[in-house]
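Notes for the structure review
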Amino acid sequence: MELNNLRFRFPDPTCEEAVRTFLSLGGRFPISFGSYFVLPGFCDVHVHFREPGYSYKETIATGSLAALHGGYTAVCTMPNLNPVPDSPETLAAEEEAIRRGACIPVFPYGAITKGERGEALADLAGMAERVCAFSDDGRGVQSGSMMREAMLEAKRLGKLIAAHCEDNSLLNGGYIHDGAYARAHGHRGISSESEYGQIERDLRLVKETGCAYHVCHVSTKESVSLLRKAKAEGLDVTCETAPHYLVLCDEDLQEDGRFKMNPPLRSRANREALIEGICDGTIDMIATDHAPHSAEEKSRGLKDSPMGVVGLECSFAVLYTALVKPGVLSMEALSALLSDRPRARFGISSDPGWTVFEVETPYEIDPSRFRSMGRSTPFAGRRVYGKWVATCVNDQLVVKEAEGEANGKTV
């Protein structure tokens, strides 16, 4: 886009010059200018926008607006909805909500099995041209034979299987990591094997079927090792992790629903393995797993709150502060994890646009200012760097200003 055609003012001339420089260099790589970073717009391949079916938690409109204000210019929405998008007919309800409410490109997933119940294959062929990939996120596909059938069909259709890996037989009623905190506070723990055991099973099936396979929200060191080995063997596999698994561990847990998600925050050793995984390329991308719930639902404490936290509006600041600022990752590497790699793997061809952050002024994350209807984040009150300034998507610019925000669509 031509910056001269924009009718809106940036916070200061340095910010505007930063964007002009970014665009003049082709708009493909992050650049720093003064206190600003300009980057290609982010792509989150794992969000829950709850519509249709659970609009009291989030809608396509509020979720996509939250994404835009976090620097995201494309998202992929998971299928644990009502109705579950498991056929062209049930997918149409979500597509209509997207047409009606989305302010950025939103790409739906189709379910792997009917109703995400793991008992019968969904109509993958009927949905293939209209979805970014297939997933039963929120539930692991328990049957190996069912997953094999799904992989063969996805392979035939040229589509990706994105797996929530969780073996129900190993959960034992757990709801946080099976570690020191769980034992000290009398909580039931979720074993690491419940994740990596199913990844191990699926990788055997990938080798057999040749399916393109992606693992959602990796959280254990064993998972990282298995995926590293699979890649070395040439299997068509990728994976993601989330900001909270890279920055927090079970030592940070509090008796508060904002620390409850699935998979859970694991041990320090697991967190360190994940960081090693993003540094050596084993982990391909970072996705937020943005999963909003109502304030009442998340007020029930660590044991009784539903699993899921929000992350779209604070992910960049958290990652920049914890990983880029201390030199663990370069900004170029973070940009690839947030933009280039997810777009390439999931075939997201929409224009990434660009986004701007001011990185020298610290601030505290304040969920009360989120655009998302969900406010439950383990990063509430955290002091970070990387304040959102502007995002441009589909030639529409949203700019943060001192007295509010101005944009071309009045979103």
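Please read these numbers as outputs of a predicted model, since none were measured by experiment.

Looking at the element boundaries, Ser305 is found in the loop between helix H11 (301–304) and helix H12 (315–324). Residue Ser305 is classed as buried on the basis of its relative accessible area of 2%. A distance of 3.3 Å separates a polar atom in the side chain of Ser305 from the backbone oxygen of Lys298. In this structure, Ser305 is in contact with Gly257, Lys260, Glu297, Lys298, Ser299 and Arg300, ignoring residues within four places of it in sequence.

To continue, consider the pattern of salt bridges. This model, assessed by the stated rule, comprises 21 salt bridges. Here Asp280 ties to Arg228 by a salt bridge, and the two come within 2.8 Å at their closest N and O atoms. Here Asp280 is found in helix H10 (residues 268–280), whereas its partner Arg228 is found in helix H8 (residues 221–232), with 52 residues between them in sequence. Taking the relative accessible area as the measure of exposure, Asp280 reaches 41% and is therefore partly exposed. The shortest N-O distance in the salt bridge between Glu251 and Arg268 comes to 2.7 Å. Here Arg268 lies in helix H10 and Glu251 lies in the loop between helix H9 (243–247) and H10, a separation of 17 residues in the sequence. Through salt bridges with shared partners, a single network forms among Glu51, Glu96, Arg99 and Arg100.

With that out of the way, let us pick up the sheet that holds strand E6 (residues 161–163). In space, the 4 strands of this open sheet follow the order E6-E9-E10-E11, with parallel pairing throughout. Unpaired on one side and paired on the other, E6 and strand E11 (285–286) mark the two borders of the sheet. Where strand E9 (residues 213–215) and strand E10 (residues 237–241) come together, 3 bridges link them in parallel fashion. Counted as the bridge partner of His214 is Thr238 from E10. Of the strands in this sheet, E9 and E10 are in contact with H8, which crosses E10 at around 150°.

Calculation rules
- Residues numbered from 1 in each chain as written.
- Predicted model: local features only at pLDDT ≥ 70, side-chain atom pairs only at ≥ 80, totals over all residues.
- Heavy atoms only, no water.
- Helix = DSSP H or I, 4+ residues; strand = E, 2+ residues; numbered from the N terminus.
- Buried < 20%, exposed > 50% of the residue type's maximum accessible area, 1.4 Å probe, protein only.
- Polar contact = N/O pair within 3.5 Å; in protein donor to acceptor, adjacent residues only side chain to side chain.
- Contact = heavy atoms within 4.5 Å.
- Salt bridge = Lys/Arg side-chain N within 4 Å of Asp/Glu carboxyl O.
- Pairing = 2+ DSSP bridges.
- Axes fitted to C-alpha atoms, helices over the stretch in contact; angles between N-to-C directions.

Nothing here speaks to function; it is geometry throughout.
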